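For reference, the chains in residue letters:
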Amino acid sequence: KKEERRKRVLSGAQPTGILHLGNYYGAIRNYVDLQENRDAFYTIVDLHAITVSHDPKELRESTRTTAALYLASGVDPKQATIFVQSQVKAHTELSWLLQCATPIGWLERMIQFKEKS
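Residues numbered from 1 in each chain as written. Predicted model: local features only at pLDDT ≥ 70, side-chain atom pairs only at ≥ 80, totals over all residues. Heavy atoms only, no water.

Caption draft 1: Structural view of a nonpolar patch on the surface. Residues Leu94, Trp96, Leu97 and Leu98 make up a contiguous nonpolar surface patch of about 460 Å² in total accessible area. Counting through the fold element by element, leucine 97 comes out in helix H4 (residues 89-101). (Patch = residues over 30% accessible without salt bridge, like charges linked within 9 Å, V, L, I, M, F, W, Y side chains within 5 Å. Areas by Shrake-Rupley, 256 points an atom, 1.4 Å probe, with all protein chains shown as cover. Salt bridge = Lys/Arg side-chain N within 4 Å of Asp/Glu carboxyl O. Helix = DSSP H or I, 4+ residues; strand = E, 2+ residues; numbered from the N terminus.)

Caption draft 2: View of the side chain of threonine 66. Structurally, threonine 66 is set in helix H3 (residues 56-72). Since its relative accessible area comes to 1%, threonine 66 is described here as buried. Ignoring sequence-local partners within four residues, the contact set of threonine 66 consists of Pro15, Leu19 and Ile44. (Buried < 20%, exposed > 50% of the residue type's maximum accessible area, 1.4 Å probe, protein only. Contact = heavy atoms within 4.5 Å.)

Caption draft 3: Representation of the pattern of salt bridges in the model. This structure, assessed with the given rule, holds two salt bridges. Put simply, arginine 6 and aspartate 39 hold a salt bridge, and the shortest N to O gap is 3.3 Å. In this pair, arginine 6 sits in the segment before strand S1 (8-13) while aspartate 39 sits in strand S2 (residues 39-44), placing the two residues 33 residues apart along the sequence. A salt bridge links aspartate 39 to arginine 8, with the nearest nitrogen and oxygen atoms 3.8 Å apart. With aspartate 39 in strand S2 and arginine 8 in strand S1, this pair connects stretches of sequence that are 31 residues apart. Taking relative accessible area as the criterion, aspartate 39 reaches 26% and is therefore assigned partly exposed. Classification of arginine 8 as exposed rests on a relative accessible area of 55%. Via salt bridges that share partners, Arg6, Arg8 and Asp39 belong to a single interconnected network.

Now the structure itself:
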């Protein structure tokens, strides 16, 4: 009999403001529920936050605050992995590879790219 593998979840939030009830009910509450029966990985995507004007000191503080709010909301580091995107070198390495291989025409069709370019 083939061993059944646990499903995985990866989700993250930019540390660009104060988390509010909408964040809690829309995402974080689900993070808490999903960690029970999934391999859960939750990230603070601080590299995404630097694509717009920002204060580095405020970004560092907001990153720590977001992590603290994940914990305060019930995300358990014994059941889920919480990490800061910029602390994983593979993110920037993969970004370089994708930039080298992605034609600008593909990017220009993406709403996220259009909004930030």
